[in-house]
Structures are given as C-alpha cells and as structure tokens.
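What follows is the residue order along each chain.
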Amino acid sequence: MSSLTEISVSSPADFHVHLRQGPMSSLVTPHVREGGFSLAYVMPNLKPPITTTEQALAYKHDLEKIDPSVHYLMTLYLSPELTPDEIRKAKRAGIVGVKSYPRGVTTNSDGGIESYEVYYPVFEAMQEVDMVLNLHGEVPSDASANVHILNAEPTFLPHLFALHAAFPRLRIVLEHATTRAAIEAVKSCGNTVGCTITPHHLALTVDDWAGQALNFCKPVAKYPDDRQALRQVIKEGHPRFFLGSDSAPHPSHAKTTCATDHGCAAGIYTSPILLPLVTDLLDSFGALDKVDGFVSRFGREFYKVEEVAPALRDGGDGGVVLRQVPPERLQDNRVPERYVSANGQEDVIPFWAGRGIRWEIVKQ
Ligand SMILES: O=C1C[C@@H](C(=O)O)NC(=O)N1
C-alpha cells in the first residue's frame, strides 16, 4: 500500500473492450467514460462479426451517437473475407487493427480462424501499411492432443513466435495474457510485440472461477504464480505491457443460468468501474506509481495515439484524478449489484458487484 492518497492519470486508454450492439451497446457504451476512460479500442466480435471497412465505420458511427466524447479505435475480425486490398482500404479509413480469434475459443468465435499461414498475404499488407494484429492467444481445446483451457495459452505461443519471425515489422498485440509463459514470450520478442493485461486476471486465479460463473472468462485465470508474473511485469513498468480490460458484458441470465451446451457465457464486465478498479489492484501489489504508464502512456505509445478526447481537453489538463477512499467510507463506495438499461430489458452484473473499491474518481 502506498502513502499516496491522490493520483492523477494523464489520459486513460482501454486497449481492448467489447461494446456490443443494440440495446446492450446503449447500456454499456456510456460506461467507458463513467469508468474514467477517453479511448476505447473496440473489439469486432459482433453478430455478424465486423469484417469490412463499411461495417466498422457504421459501428463507429453508432458508438459515437451513444457517446461522442470517447475516441473509438476500430478493428476488423480476421476471416476469409479479409483481403490485402480491404486492409489498405481499412487503413485509409482510419481502422487501426485486425483481431484474430481461433475458431470456437470464446464468445462469437465460430467464424474464427483455423490456420495462420493462409492469412500471410493479409499480414504482409498489414505490415506494409502499419496496422496492428491483435491475437486472442489460445488454441482450441483438443482432448486427443491434451489441449484444454488451462494450457491453451502456452500451447498458442509458438504461433506468436512464428508470426513475429515472419513479420518482424508487424505490430502484434498478444491480448489478455494470463500466464508467466506468455509474459516471458512477449518480453523475448522485439519492440513490435506488445501485450494487454486485464484487471480481472490481476485479481483472480483458477480457484475463483471454478464453480463461480460470474468470474468465468476466456482465457480463464490461471495459477497464483501466473498472476504473480502479470503483477510483476506491471511493477517493472515494462512499456510493452498495458491495459486492455476485455470488459465483456453479457446479460445476467447468460452468466447465471448455464443451460447451453457451451455452459455459461465467457466474459467479465468492468467498464463502469475500470479506473478505480485498476488503481485499487495496482495499489494492492505496490504498483501505484505505475498506474499512469500502464493505463495511459504505454498503450498510447505502442499504438501511436497521443491525443485525448476533446471533452477531456476542455476540462483543463486532461488528467483524471483519483482519491483513496477512507476505510470508514468504503461501504459507500461499493460496486453496483447490476446495471440495468432504461427500458429494463438489459441487465449486466459487474465484476466485484457489491464490494467496496478503495479508490474513486474525483475529477475527469
Ligand atoms: O475473448 C473473449 C471474448 C469476450 C466476449 O464476451 O466477447 N469474453 C471473454 O471472456 N473473452
């Protein structure tokens, strides 16, 4: 625990967030700002997935209609429809990255990829125009090869090395890393390879999701030693490791009633509490002085995006100020039990529902 009771975070950026579509999007998109963030790197795993420039621009327009004060960076879903020409078009339209989902590993990944090599011409074009490749770093479970959700990430890492070797100038982000092996793998790569870390993976281990569907996400949280490696790399202030919340809202019934063949929906919802949550967690393991780098600077540097959203600029220095909540007020600073849409039809249970957070935003 630090003795600091107030900190300022220069320009918070969430480099991995799910903002959904329709009524759910109307409910969750304003939570980006509520959580202290002015930049959202938006995932494309909608139904149907965002595979073209037009779709991505229309989606961005929808998000801006809901909350124009956030800077949305858009991505495309890697699929056979994506050609080198579409990549060049996307780049001209300001689309920043392409997300790859191996088939079947997580929410809306049925159209995901089965081989990386077939996409080499696409990656070549991305390298040429300087777009970012975002990797969901798991391989599908395969009982015959002893691949399962606990070793799916380490088993994926040879793909990361192969892609980096084939395209050394292509910026690649290994998303939501959960293992010591992944941290070491990214560190061993060159400067074009970065890595996002979620707050929930800084908090949870296997014991916290086994039997507790609300804590179930993909990739699943791993062992205490893995969590320690995630915390350690943040404490080091390593500039290629930065925040991507993977905040992934699901209707509460999809989390709490596991009636489908696939079990409960995978995803943990953190957007509305994100900055206080991250600050609380980093404070808990002695990394309060690393909040600004992890949340603001490192990701922006990797992605080459500097500016803050206009609404924040107007507010003065653009920084978001957080204050420590004294123990006697902790009960008043509890995470809501659920968020419900205006028409009452959508509801989402957030991470740490009902629990007090030891930091609060006092200016943004
Ligand atoms: O990669 C992902 C996708 C996300 C979602 O719900 O979209 N949920 C997850 O837990 N992991």
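Keep in mind that this is a model prediction, so the values were computed, not measured.

About the cut-offs
- Residues numbered from 1 in each chain as written.
- Predicted model: local features only at pLDDT ≥ 70, side-chain atom pairs only at ≥ 80, totals over all residues.
- Heavy atoms only, no water.
- Disulfide = S-S within 2.5 Å.
- Buried < 20%, exposed > 50% of the residue type's maximum accessible area, 1.4 Å probe, protein only.
- Near = heavy atom within 4 Å.
- Polar contact = N/O pair within 3.5 Å; in protein donor to acceptor, adjacent residues only side chain to side chain.
- Areas by Shrake-Rupley, 256 points an atom, 1.4 Å probe, with all protein chains shown as cover.
- 1 Å grid on protein atoms, 1.4 Å probe; cavity = no way out; pocket = protein on both sides within 12 Å on 5 of 7 lines; lining within 4 Å.
- Sits in = over half its atoms within 2 Å of the grid points.
- Nonpolar A, V, L, I, M, F, W, Y, C, P; charged D, E, K, R; others polar.
- Points joined across faces, edges and corners; volume = space filled by probe spheres on them.
- Salt bridge = Lys/Arg side-chain N within 4 Å of Asp/Glu carboxyl O.
- Helix = DSSP H or I, 4+ residues; strand = E, 2+ residues; numbered from the N terminus.
- Phe/Tyr/Trp six-rings, centres within 6.5 Å; stacked < 30°, edge-to-face > 60°.
- Lys NZ or Arg CZ within 6 Å of the ring centre and 35° of its normal.

## Re the state of the cysteines
In this structure the tally under the stated criterion is zero disulfides. Cysteine Cys195 shares no disulfide, and the gap to the nearest cysteine sulfur, in Cys189, comes to 10 Å. Given a relative accessible area of 0%, Cys195 falls into the buried group.

## Remarks on the site of the ligand
Surrounding the ligand, one finds 14 residues, the nearest of these being Arg20, Asn45, Lys218, His250 and Ala266. One nitrogen or oxygen atom from the main chain of Gly267 is found 3.3 Å from an oxygen atom belonging to the ligand. Starting from 290 Å² of accessible surface for the ligand in isolation, the protein chains cover 100%. The pocket occupied by the ligand, as judged from atoms lying within 2 Å of grid points, is the largest cavity. The residue makeup of the shell around the ligand, split by class, is three nonpolar, eight polar and three charged.

## Considerations on the layout of surface pockets
Here the largest pocket is characterised by a volume of approximately 860 Å³. Along the wall of the largest pocket there are 31 residues; nearest its centre are Thr106, Thr107, Asn108, His250 and Ala265. Of the residues contributing to the lining of the largest pocket, the split by class is 13 nonpolar, 13 polar and five charged.

## What to know about the pattern of salt bridges
For side chains bearing opposite charge, pairing can occur when the charged atoms are close. Per the stated rule, a full pass over the model turns up 15 salt bridges. Between Glu54 and Lys89 there is a salt bridge, with its nearest N and O atoms 3.0 Å apart. Separated by 35 residues along the polypeptide, Glu54 in helix α3 (residues 53-66) and Lys89 in helix α4 (residues 84-92) bring together distant segments of the chain. A relative accessible area of 47% means that Glu54 is categorised as partly exposed. Residues Asp225 and Arg180 are paired through a salt bridge, measuring 2.9 Å at the closest nitrogen-oxygen approach.

## Examining the packing of aromatic side chains
Counted according to the given criterion, the structure contains 16 aromatic pairs. Judged by centre distance (6.2 Å) and plane angle (50°), the ring pair of Tyr120 and Phe123 falls under tilted. Of the two residues, Tyr120 and Phe123 are both situated in helix α5 (residues 120-129); the distance of three residues between them amounts to about one turn of the helix. Judged by centre distance (6.4 Å) and plane angle (85°), the rings of Tyr269 and Tyr339 are edge-to-face. Here Tyr339 lies in strand β12 (residues 339-340) and Tyr269 lies in the loop between α11 (252-256) and α12 (274-284), a separation of 70 residues in the sequence. The class for Tyr269 is buried, based on a relative accessible area of 3%. A residue is classified by how much of its surface remains accessible, and Tyr339, at 11% relative accessible area, is buried. The positively charged end of Arg355 is found above the aromatic ring belonging to Trp352, 3.8 Å away from the centroid.

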